[in-house]
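Fold and geometry: a report
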Amino acid sequence: MAVSVGIVLLLVPMLGGHPDGPGFWMSVLCPLVIAGPASAWQFHQSETIVRQRDALALMHVKLESAYAELKELHADLQVRARTDTMTGGLNRGAFFSDLDVESRRNAGPVAILIADADHFKHVNDTFGHLVGDEALRRIGAAISRAIGERCWWGRIGGEEFVAYLPGHDRAQALQVAERIRRSVASAILVSDSRPVPLSVSIGVACGHGPFEPMELFRRADADLYSAKTGGRNRIVIDGREVNSAAA
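Numbers given to residues run from 1 along each chain, matching the order in which its sequence is written. Local features in this predicted model are restricted to residues whose pLDDT is 70 or higher, and side-chain atom pairs enter the listing and the counts only when it is 80 or higher, whereas totals over whole chains, interfaces and linings include all residues. Heavy atoms from the whole structure form the basis of all side-chain values; hydrogens and water molecules are not counted.

Let's shift gears to a nonpolar patch on the surface. For patches, a residue must show more than 30% relative accessible area and have no salt bridge; joins then use 9 Å for like charges and 5 Å for nonpolar side chains, namely Val, Leu, Ile, Met, Phe, Trp and Tyr. What sets the accessible areas is the Shrake-Rupley method with a 1.4 Å probe; for residues, cover comes only from the shown protein chains. Here, a salt bridge means any side-chain nitrogen of Lys or Arg that lies within 4 Å of a carboxyl oxygen of Asp or Glu. Side chains of L56, M59 and L63 sit close together on the surface and give an oily, nonpolar patch of about 330 Å² of accessible area. Going along the chain from the N terminus, every DSSP run of H or I of four or more residues is numbered as a helix, and every run of E of two or more is numbered as a strand. For L56, the position within the fold is in helix α2 (residues 21-82).

In structure tokens, the structure reads:
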């Protein structure tokens, strides 16, 4: 308003007029009437733009958070799809899928161990399925501790486990098998003050990559059968039982 008054007081005399009366007030009020609503509208639009910009920024942060959460859930689902929920090892599909890939690219010695819980039906029938589940977890833990970092293992059946040992020759594979056998046999599991007997029979097959995964598995499975029928709680390789001293 001060600017408008100043303009009137300065320009009107220069043009030969007198800054008084209705002319004076019209010269003052007209700019206010015209510019006031426009200024108010512009101020309102500026506030709206700021609010919308802040809302967009907040929405962007929420979208980034939702994307990170979705990515984490997807990764978790991928892990769950490959994992045996009971023992934490690979499930059957994931194990054989990885083994198939490894069989084509490994050029060194390899071994497969198949371990089966002995008298597992008796454990379930005598102590209950919850104790049987814990027995499976103990066996899985024993295998996980016994194998090396480059190796992996999984549960491929009710009480049947398998481990893949890249870079292991016959002697090294038998050492791992014996560690597993001893660890399971010495595990302490008690139910209602009664000890739960645990042991595993193990079949071992060795080869050299590239190898045929199903052929290696078939040989280990045949030796597992020999270990089971030969008395259990023992290791068999190439059709022959290996005592603990030799392993």
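It is worth spelling out the nonpolar core at this point. Remark: nonpolar core denotes a set of buried residues (Ala, Val, Leu, Ile, Met, Phe, Trp, Tyr, Cys) joined through side-chain atoms within 4.5 Å. Partly exposed residues are those whose accessible area sits between 20% and 50% of the maximum for their type, while under 20% is buried and over 50% is exposed, using a 1.4 Å probe and protein chains only. Counting residues in hydrophobic clusters, the biggest one holds 36 residues, and the most contacted among them are L113, I143, I147, L165, I180, I202 and V204. Mapped onto this core, the elements with two or more residues apiece are β1 (109-117), α4 (120-127), α5 (129-146), β3 (160-166), α6 (170-185), β6 (200-208) and β7 (235-237). Whether two residues are in contact is decided by their heavy atoms: any pair within 4.5 Å suffices. When residues no more than four places from it in sequence are discounted, the contact partners of I147 are W152, W153, A163, L165 and V176. Formed by 18 residues, the second largest nonpolar core is a distinct cluster that contains I156, F211, F217 and L224.

Multiplying 1.5 Å by the helix residue count minus one yields the expected span of that helix. The terminal C-alpha atoms of helix α7 (residues 213-229) lie 24 Å apart, and with 17 residues this matches the ideal 24 Å at 1.5 Å per residue to within 8%. Taken residue by residue, α7 has P213, L216, F217, A220, D223, L224, A227 and K228 as its buried positions. All buried residues of α7 fall inside an arc of 145 degrees around its axis, so they share one side. Summarising the geometry of α7, the exposed residues directed more than 90 degrees from the buried face are Y225 and T229. Among the structural elements, α3 (92-105), β1, β3, β6 and β7 are those in contact with the buried residues of α7. Downstream of α7 by one or two residues, G231 has phi in the positive range, about 130 degrees. Relevant arc is that of directions from the helix axis to the C-beta atoms, nothing else.

Among the seven residues that make up β3, seven are buried, leaving the element largely enclosed by the rest of the structure. Burial along β3 is two-sided: the residues E160, V162, Y164 and P166 and F161, A163 and L165 are all buried. Two strands pair when backbone bridges link them, and strand β2 (residues 152-155) and β3 are joined in this way by four bridges, in the antiparallel orientation. Within β3, the residue paired with G154 across the bridge is V162. Paired strands are those between which DSSP finds at least two bridges. Hairpin geometry of β2 and β3 is characterised by an intervening segment of four residues between the two adjacent antiparallel strands.

All right, on to α3 then. A rise of 1.5 Å per residue sets the reference length of α3, with its 14 residues, at 20 Å; its end C-alpha atoms lie 21 Å apart and thus fit the reference within 8%. Residues A94, F95, F96, L99, E102 and S103 constitute the buried set of α3.

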